[in-house]
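Structure assessment
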Amino acid sequence: MAIEIAPSPLQILKSEWLEKQGIALYIKRDDLLHPQVQGNKWRKLKYNLIQAQEEGHDTLITFGGPFSNHIYATAAAAKVLGLKCIGVIRGDKELPLTPTLQFAVKHGMQLHFADRAEYKTKDSVEYLNSLTGQYGEYYYIPGGGTNLLALTGVSEIIDELHGDFDYLCTGCGTGGTIAGLVAGLKGRAQVLGFSALKGNDTLTPYVTQLITEYCDEEYNNFSINFNYHFGGYAKIVPQLIDFIQKFKEVYGVQLEPVYTGKMMYGIFDLIEQGYFKKGSNIIALHTGGLQGLSGYPDYFPEFESGLPD
Ligand SMILES: *Cc1c(COP(=O)(O)O)cnc(C)c1O
């Protein structure tokens, strides 16, 4: 079965404030790529799924937390392709399942809960072999979906961006997305990553290494900013929630607090600080992840039971 991704729209964000700053800010709407398999997780899965099929696998195994965008996307994609899928989930089983895990189960994913000690060993050869013992032969997709095939899928975003721009911005977790963007740009423009995790100085060398393994080039037209993690992964700060709500009111685009909200907050703050020259063209990548809003029912009640069908 062919896996096609139609290009996502590129929209300009308009406000008096942006006009006054002399900045043209665009948003690449990868949140609209697919109703369920949103954003960068779909891009990262694409060539892994093709590879799994080419190698004749009928089972995928992957890893993630109980609110993981990657678990959600993998379950939906496996269902579309008719593949079996096992999700190794961090932590003990808790009922009721999170909306993310309910969605995964509904799409046929079999859940394997791994306590913290087990989950820590998840990338070791011994552990991966033990999964073969339990589930048979399978195609391995690492947690977060980052591997070299993920970079191929992400780099296709660049083919969809026509015209000149000075900066391309993305949220960063494992670093696969920023690596794919830099690889696709082949030295053009400047790529700014915004880390969702607290000061993680192993990320930049890791991204450099991924890019080199992928295309045998060393590009240094990228940097990762660690100033907008808001206390760390998936932490909730009122200032960030306010920003996401105001952004929705002014620009009509929904963000979420784990990745895209932090990135956009960072971009706005850098604009305010005069980091970008007047006249700069900036593209912000909306990497999706809106299903994760189900984890914050107090702030985003309309997403309490997941994405609307
Ligand atoms: C996973 C994810 C990211 C981070 O991507 P990496 O390739 O892990 O750096 C950014 N945004 C969203 C919405 C995500 O789900």
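All residue numbers refer to positions counted from 1 along the written sequence of the respective chain. For this predicted model, a pLDDT threshold of at least 70 governs which residues receive local features, and a threshold of 80 or more governs which side-chain atom pairs are given and counted, while totals over whole chains, interfaces and linings are taken from all residues. Values shown for side chains rest on all heavy atoms present in the structure; no hydrogens or waters enter the calculation.

**Some details on the sheet that holds strand β7 (residues 167–172)**
Sheet strands line up and pair through hydrogen bonds in the backbone, either parallel or antiparallel. Strand order in this open sheet of six strands is β1-β2-β10-β7-β8-β9, and the pairing throughout is mixed. At either margin of the open sheet sits one strand with a lone partner, and together these are β1 (10–13) and β9 (222–225). Neighbour to neighbour, the strand axes of the sheet diverge by 25° on average, direction disregarded. Here the rule is simple: two strands pair whenever DSSP picks up at least two bridges between them. Elements are defined by DSSP. Helices are runs of H or I of four residues or more, strands are runs of E of two residues or more, and each kind is numbered from the N terminus. Bridging between strand β8 (residues 190–195) and β9 involves four bridges; their strand directions are parallel. Bridging from a neighbouring strand, F194 pairs with N225 of β9. A contact between two residues is defined here by any heavy atoms of the two lying within 4.5 Å. Simply put, an axis is a line fit to the C-alpha atoms, just over the touching stretch for a helix, and the angle between two N-to-C directions goes from 0 to 180 degrees. Contacts from helix α11 (residues 260–272) reach β1, β2 (24–29), β7, β8, β9 and β10 (281–286) within the one sheet, and its direction differs from that of β10 by about 165°.

**Describing the domain arrangement of the protein**
Segmentation of the chain into domains, including their bounds, is taken from an automatic or database domain assignment. When its domains are assigned, the protein resolves into domain 1 (10–36 + 146–303) and domain 2 (39–145). Computed over C-alpha atoms, the centres of domain 1 and domain 2 are 25 Å apart. On the domain 2 side, the residues contacting the 25 residues of domain 1 number 22 residues. Here's the idea: put two parts together, see how much 1.4 Å probe accessible area each one loses, and the total over both is what we call buried area. Summing both partners gives a buried area of about 2100 Å² for domain 1 against domain 2, and 53% of it is carried by carbon and sulfur. We count a salt bridge whenever a side-chain nitrogen from Lys or Arg sits within 4 Å of a carboxyl oxygen from Asp or Glu. Taken together, the connections running from domain 1 to domain 2 amount to three salt bridges. Between R43 and D30 there is a salt bridge; the shortest N-O distance is 2.7 Å.

**Digging into the side chain of K41**
With respect to the helices, strands and loops of the structure, K41 is situated in helix α2 (residues 39–54). The classification of residues rests on relative accessible area computed with a 1.4 Å probe and restricted to protein chains. Under 20% of the type maximum is buried, over 50% is exposed, and intermediate values are partly exposed. Neither His nor the chain ends is counted toward charge; the positive residues are Lys and Arg and the negative residues Asp and Glu. Despite its burial, K41 pairs with no opposite charge; the closest candidate is E256, at 8.9 Å N-O. Aside from chain neighbours lying at most four places away, what touches K41 is N69, H70, A73 and G144.

**Considering the packing of aromatic side chains**
A pair of aromatic rings is counted whenever rings of Phe, Tyr or Trp (Trp by its six-membered ring) have centres within 6.5 Å, and the orientation is called stacked for planes under 30 degrees apart, edge-to-face for over 60 and tilted otherwise. Counted under the stated rule, the structure contains 16 aromatic pairs. Between F243 and F268, the aromatic rings sit 5.5 Å apart at their centres with planes inclined by 75°, giving edge-to-face as the arrangement. You can see F243 sitting in helix α10 (residues 238–251) and its partner F268 sitting in helix α11, a full 25 residues away along the chain. Accessibility assignment for this pair places F243 and F268 in one class, buried. Within the aromatic cluster, the residues linked to one another by ring pairs are W17, F194, Y228, F230, F243, F247, Y251, Y265 and F268. Placement of a charge over a ring requires the Lys NZ or Arg CZ to be within 6 Å of the ring centre, with the centre-to-atom vector within 35 degrees of the ring normal. In this structure, R90 is placed above the aromatic ring of Y119, and the distance from its NZ or CZ to the ring centre is 6.0 Å.

**Comments concerning the site of the ligand**
Residues are counted as near a molecule or strand when any one of their heavy atoms sits within 4 Å of it. In the region of the ligand, 16 residues are neighbours, and K41, K44, T174, T177 and T287 sit closest. Interatomic distance of 2.7 Å between a side-chain N/O atom of K41 and an oxygen atom of the ligand. Between an oxygen atom of the ligand and a side-chain N or O atom of T174, the distance comes to 2.6 Å. Relative to its unbound accessible area of 390 Å², the ligand is 98% covered by the protein chains. When contributions to the shell around the ligand are tallied by element, the ones reaching two or more residues are α2, β7 and α8 (176–185). Examining the composition of the shell around the ligand, we find that three residues originate from one element, α2, more than from any other. For the shell around the ligand, the per-class residue count stands at two nonpolar, twelve polar and two charged. Whenever two N or O atoms come within 3.5 Å, that pair is a polar contact, provided that in protein one can donate a hydrogen and the other can accept it, and provided that, for residues adjacent in sequence, both atoms are side-chain atoms. Accessibility throughout is a Shrake-Rupley quantity obtained with a 1.4 Å probe, and a residue counts as covered only by protein chains that appear here. Put simply, Ala, Val, Leu, Ile, Met, Phe, Trp, Tyr, Cys and Pro go in the nonpolar bin, Asp, Glu, Lys and Arg in the charged bin, and everything else, Gly too, in the polar bin.

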